[in-house]
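In case you want the letters, here they are:
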Amino acid sequence: MSGAPTDTGARAGGRAGSTDAVPRDGGASLVVEDLVVEFRTSRGLARAVDHVSFEVAPGERVAIVGESGCGKSTTALALLGLLPTPPAVVRSGAARLDGLDLLSMSGRERRRVLGNDVGMVFQDALSSFSPVAPVGRQVTDGVRAHEGISRRQARDLAVELLAEVGIPDPARRAQQYPHELSGGMRQRAMIAMALAGRPRLLIADEPTTALDVTVQAQVLELVKGLKDLSILWITHDLGVVASLADRVVVMYAGTVVEQGPVRSIFRQPTHPYTRGLLRSVPNLADDRHAPLSSMPGLPPDLVDLPPGCPFVGRCPDAIDLCSRVRPGLVAVSPEQSAACHVTTGSAS
Amino acid sequence: MSATTTPVEPAGIDTPVLAVDELRVHFPVGRSLGVRRGLVKAVDGVSFAVHRGETLGVVGESGCGKSTVGMAVQGLVPVTSGRITVAGRDVSRARGRSRQAARRQTQMIFQDPTSSLNARMTVGELLEEPLVVHQLVRPAQRRARVLELLDQVHLPREAADRYPHEFSGGQRQRVSIARALAVDPELIVCDEPIASLDLSVRAQILNLLKELQRETQLALLFISHDLAAVSHVSDRVLVMYLGKAMELTTRERVYDEPVHPYTRALLSAVPVPDPDVERSRQRIILRGEVPSPLEPPSGCVFRTRCPVALPVCAEEIPAWTEVAAVGHHDVACHRSEELVTDLSGQLADDLAPR
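Parameters and conventions
Each chain carries its own residue numbering, running from 1 in the direction its sequence is written. Both sets of labels track the order of writing: A upward for chains, 1 upward for ligands. Per-residue local features are limited, in this predicted model, to residues with pLDDT of at least 70; the limit for side-chain atom pairs, both in listing and counting, is 80 or more; totals at the level of whole chains, interfaces and linings are taken over all residues. Under the DSSP-based scheme used, a helix requires at least four consecutive residues in state H or I and a strand at least two consecutive residues in state E, with every element numbered from the N terminus. It is over C-alpha atoms that the radius of gyration is taken, and the globule rule equals 2.2 Å times the number of residues to the power 0.38. Buried residues are those with 20 or more other C-beta atoms within 10 Å of their own C-beta, exposed residues have 12 or fewer, and partly exposed residues lie in between; C-beta atoms are placed from the backbone. Residue pairs qualify as contacts under a 7 Å threshold applied to their C-beta atoms, which are placed from the backbone. The classification used treats Ala, Val, Leu, Ile, Met, Phe, Trp, Tyr, Cys and Pro as nonpolar, Asp, Glu, Lys and Arg as charged, and all other residues, Gly among them, as polar. The angle between two axes is taken between their N-to-C directions and runs from 0 to 180 degrees, where each axis is a line fitted to C-alpha atoms and a helix contributes only its stretch in contact. Should the near helix be turned anticlockwise from the far one by less than a right angle, the crossing is left-handed, and should it be turned clockwise, the crossing is right-handed. At least two bridges found by DSSP between two strands are what make those strands a pair. When buried Ala, Val, Leu, Ile, Met, Phe, Trp, Tyr and Cys residues are joined through C-beta atoms within 7 Å, the set is termed a nonpolar core. Residue-level confidence of the predictor is what pLDDT reports, using numbers from 0 through 100. Should an angle fall under 35 degrees it is taken as roughly parallel, and over 145 as roughly antiparallel, whereas 65 to 115 is taken as roughly perpendicular and any remaining angle as oblique.

Chemist: Honestly, the overall build of chain B in this entry has me stumped. Any pointers?
Modeler: The helix and strand tally for chain B stands at 14 helices and 12 strands. Against the globule reference of 20 Å for 354 residues, chain B gives a C-alpha radius of gyration of 21 Å, in line with a compact fold. In terms of overall dimensions, chain B has a C-alpha envelope of 70 × 50 × 50 Å along the principal axes. Residue burial in chain B is summarised as follows: out of 354 residues, 48% are buried. Within chain B, counting contacts between residues at least 6 apart in sequence, those at least 24 apart form 64% of the total.

Chemist: Help me out: how do you make sense of the interface of chain A and chain B in this one?
Modeler: How big an interface is tends to be expressed through the accessible area that disappears when the partners come together. Contacts between the two partners involve 37 residues from chain A and, on the opposite side, 34 residues from chain B. Where the side of chain A that touches chain B is concerned, the elements lending two or more residues are helix H8 (213-224), helix H9 (238-244), helix H10 (262-267) and helix H11 (272-280) of chain A. In terms of residue class, the side of chain A that touches chain B is made up of 18 nonpolar, 14 polar and five charged.

Chemist: Looking at this model, I keep getting lost on helix H1 (residues 72-79) of chain A. Mind explaining?
Modeler: All names here are of chain A. Of all eight residues that make up H1, eight are buried, and the element is covered over most of its length. Burial in H1 covers these residues: Lys72, Ser73, Thr74, Thr75, Ala76, Leu77, Ala78 and Leu79. With its phi angle positive at about 70 degrees, Gly81 sits one or two positions after the end of H1.

Chemist: Whenever I open this one, the packing of helix H4 (residues 123-133) of chain B against helix H5 (residues 139-152) of chain B confuses me. Can you help?
Modeler: If you want to describe how two helices pack, look at the angle between their axes and the distance between the axes. Residues and elements named next belong to chain B. Where H4 meets H5, the closest approach of the two axes is 9 Å, and the angle between their N-to-C directions is 115 degrees. In this structure, H4 crosses over H5, and the sense of that crossing is right-handed. Between H4 and H5, the contacting residues are Gly124, Leu127, Glu128 and Leu131 on the first element and Arg142, Arg145, Val146 and Leu149 on the second. Among the residues making up the contact of H4 with H5, the classes are represented as four nonpolar, one polar and three charged.

Chemist: Looking at this structure, how should I read the sheet that holds strand S3 (residues 61-65) of chain A?
Modeler: As a general point, the strands of a sheet are linked pairwise by backbone hydrogen bonds and lie either parallel or antiparallel. All names here are of chain A. Reading across the sheet, the eight strands line up as S6-S7-S8-S3-S9-S10-S12-S11 and stay open at both edges, with mixed pairing between neighbours. If you trace the sheet from one side to the other, it starts and ends with strand S6 (118-121) and strand S11 (330-331), each paired once. Pairing of S3 with strand S9 (residues 247-252), which is carried by four bridges, proceeds in the parallel orientation. When the sheet's bridge partners are listed, Val62 is paired in S9 with Arg247.

Chemist: Could you clarify how one ought to interpret the sheet that holds strand S10 (residues 244-250) of chain B in this entry?
Modeler: Residue and element names in this part refer to chain B. The strand order S6-S7-S8-S3-S9-S10-S12-S11 describes an open sheet built from eight strands, whose pairing is mixed. The open sheet has two edge strands, strand S6 (106-109) and strand S11 (321-322), and neither has a second partner. The pairing of S6 with strand S7 (residues 187-191) spans four bridges and is parallel. Of the residues in S7, the one forming a bridge with Ile109 is Cys190.

Chemist: Explain the nonpolar core to me, please; I cannot follow it from the model alone.
Modeler: For soluble globular proteins, nonpolar side chains are generally found buried alongside one another. The biggest cluster of nonpolar side chains holds 199 residues, and the ones touching the most others in it are A:Leu162, A:Leu232, A:Val241, B:Leu18 and B:Leu221. Top element by residues in this core is helix H7 (residues 183-195) of chain A. It accounts for seven residues. Excluding its chain neighbours within four sequence positions, the residues that come into contact with A:Val241 are A:Ala63, A:Val65, A:Thr235, A:Val248 and A:Val262.

Chemist: So what exactly am I meant to see when it comes to the pairing of S9(A) here?
Modeler: Looking down a regular strand, the side chains alternate between one sheet face and the other. Residues and elements named next belong to chain A. Of all six residues in S9, six are buried; the element is thus mostly enclosed. Neither face of S9 is open: one carries Arg247, Val249 and Met251, the other Val248, Val250 and Tyr252, and all of them are buried. Pairing geometry for S9 and strand S10 (residues 255-261), over six bridges, is antiparallel. Opposite Met251, over in S10, you have Val256 as the bridge partner. Linking S9 to S10, which pair antiparallel, is a turn of two residues; within it Ala253 sits at a positive phi near 50 degrees.

Chemist: Looking at this model, I keep getting lost on the pairing of strand S3 (residues 55-59) of chain B. Mind explaining?
Modeler: Residue and element names in this part refer to chain B. Most of S3 is tucked away: five of the five residues are buried. Of the two faces of S3, the one holding Thr55, Gly57 and Val59 and the one holding Leu56 and Val58 are both buried throughout. Taken together, the five bridges between S3 and strand S8 (residues 219-224) define a ladder with parallel strand orientation. Paired with Val59 across the bridge in S8 is Ser224. Sheet topology note: the S3/strand S9 (residues 236-241) ladder contains four bridges and is parallel. Bridge pairing in S9 places Val58 opposite Leu238.

Chemist: Looking at this structure, how should I read the confidence of the model for chain B?
Modeler: Residue and element names in this part refer to chain B. In the predicted model, chain B carries a mean pLDDT of 87, and 91% of its residues have values of at least 70. Low pLDDT, under 50, characterises residues 1-11; the stretch is placed with 17 contacts to residues that sit more than four places away or in other chains. Confidence metrics for the complex model read pTM 0.85 and ipTM 0.83.

Chemist: Even after reading the chapter, I still don't get unusual backbone geometry, so can you show me in this structure?
Modeler: Only a minority of non-glycine residues have a phi that is not negative, and only a minority of peptide bonds are not trans. Residue and element names in this part refer to chain A. For the peptide bond that leads from Thr85 to Pro86, omega is -10 degrees, which places it in the cis range. One can find Pro86 in the loop between H1 and strand S4 (88-97). Cis peptide bonds are those with omega within 30 degrees of zero, and the linkage from Pro86 to Pro87 qualifies with 10 degrees. Considering the arrangement of structural elements, one finds Pro87 in the loop between H1 and S4. Its identity is not glycine, yet Asp228 carries a phi of approximately 55 degrees, on the positive side.

Chemist: It is not clear to me how the confidence of the model for chain A should be interpreted in this structure. Could you clarify?
Modeler: Keep in mind that low pLDDT regions are not for reading the predicted coordinates in detail. Confidence along chain A averages 85 in pLDDT terms, with 91% of residues attaining 70 or more. Taken together, the stretch residues 1-24 of chain A has pLDDT below 50 and engages in 36 contacts with residues farther than four places along the chain or on a different chain.

Chemist: Before we go on, may I ask you to explain the packing of helix H6 (residues 169-181) of chain B against helix H7 (residues 199-216) of chain B in this structure?
Modeler: All names here are of chain B. Viewed as axis vectors pointing N to C, H6 and H7 meet at an angle of 20 degrees, and their least axial separation amounts to 10 Å. Here H7 runs roughly parallel to H6, going by the angle between their axes. Considering the relative orientation of H6 and H7, their crossing is right-handed. From H6, Gly169, Gly170, Gln173, Arg174, Ile177 and Leu181 reach across to H7, where they touch Val201, Gln204, Ile205, Leu208 and Leu212. By residue class, the composition of the contact of H6 with H7 is six nonpolar, four polar and one charged.

As structure tokens, then:
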């Protein structure tokens, strides 16, 4: 974490597209503002990401947490320009990496910026590698494209990177093909690939979900040891969030329902969805005899969202207002905000 | 425990619903050019019992054989050796009519209800099918039984006339559970029943299973990689690694006083949803990954990753022994007695989370 005071330009909001933003030590800043993404489906437009805003300060580790269909992966893919369009349409919004808006760039510019500053890790390492090239070459392909280093330098760098992520016998592994590596090793190799360009922001979408817990523990340990890097980590695992994140963004039905420092989110969750989620997850430290509190119902249909709060149908605290007016994020403390008429007291 | 000398007991009040004795399930793999390349010992000498109204959790990482245990119990994979008795009756080699009778006593629910339910049948038809196959209910009463099953799993009665795709994952899993319940089984094998479900829905399914168990005294074999979920539903827990049983005891003892170094490492690896705990907590980080089941290590299969392995661990397979000091706590580890009694000194240092 960078100890330096930071001005991400986020809340000022007026630095859109400013190109003079100064890169800082300790990672890049990412500011996502008012992102809206829709998908064309046979049943109509599905609003997968609905006015989402959040930020990652330099050196900060932010987790986006939510269930499937909440828009967490779509958000990440949108800001990386990796959504298939069509069916996806980015309706509005900005995603500023150190002040540069990724969404308004040409594909070419964006590739340059992403290649230099952003590393990506996905859940399924096997499909992120080409099956027909050795792992070592793929780990450094990006760097070779962006920095024009020699084949030999690239080879040395690949071995160095594989060693760095804890792959034993890296020189031999670099020569092997993806299918010859175990799942945990492939995931490490993908992290090595993401780190190859010395990125200042790492975007990771459920990178440990497919791993066994003892291997997940190794990967989390590795990631926690990375310095000078901002991290956006997308997961549904609240244990991983508690272990890794500085700050948490909770998403539900395409919207941010709550965000704040990890400790306050777990200790004083404000949104009824966050509360319900935390209570419904079995915890090794819990009283094992009590039944889990479970949330009734299901998330709403993204093609046919209710006019008010998307959580209204499942909410134990809902009042009349909730089904009519969509609540916005309201600060409940200097660092924490939630989108709820009732629990934030904004209705009265 | 020996596979050959234990007589089959008559079904009585103390007879476990399920008794698995020295179960081995081995698969030949990779024939190339007519030469067999290897043998995967998916389950290699595992013994346990499940009693009426009890839930036995089976945990372990991929390749540990937990799902194969479940499939062997349900008769879905051939048993290489050992015995499986359901309510006192040996079913491990049952065929034909007796196999079918055994299948009625044990039912199975799977991870993915979408692929385990026939998409072309209505929920009502899906629930009627086992009644027809096992000739349990007169045709005139089948519909009533279907509605009763829907009530039991808290699905609306209208669900009977709808198709699986019209339901969410959690609701479909309820249909799977109702279908398993249809034949009044003694035991349900639940193989990763919540792994494909969303967070907020998992608790609903776990609570439903517990509720049904309270009502019917069902026995459950709950197979999962999710240690927190297993701790929540199980009375006793079996920890497996690479086809072998490592530790078997009550849930309290497994989670609060685990003996086996693997159990300790596994528990230590699970991130707990509490930032204060996570930030203050030290972990036992195991080196490497689970070895290939085609070439399991000699002696104790865990020794290549074990922080306290001794030379003997490479030479001898550790016996499955009851920890004398406590009872009802079985462990396969050469150092189990030391680990129970002498947790100071070097052994403790080596196993200390760092």
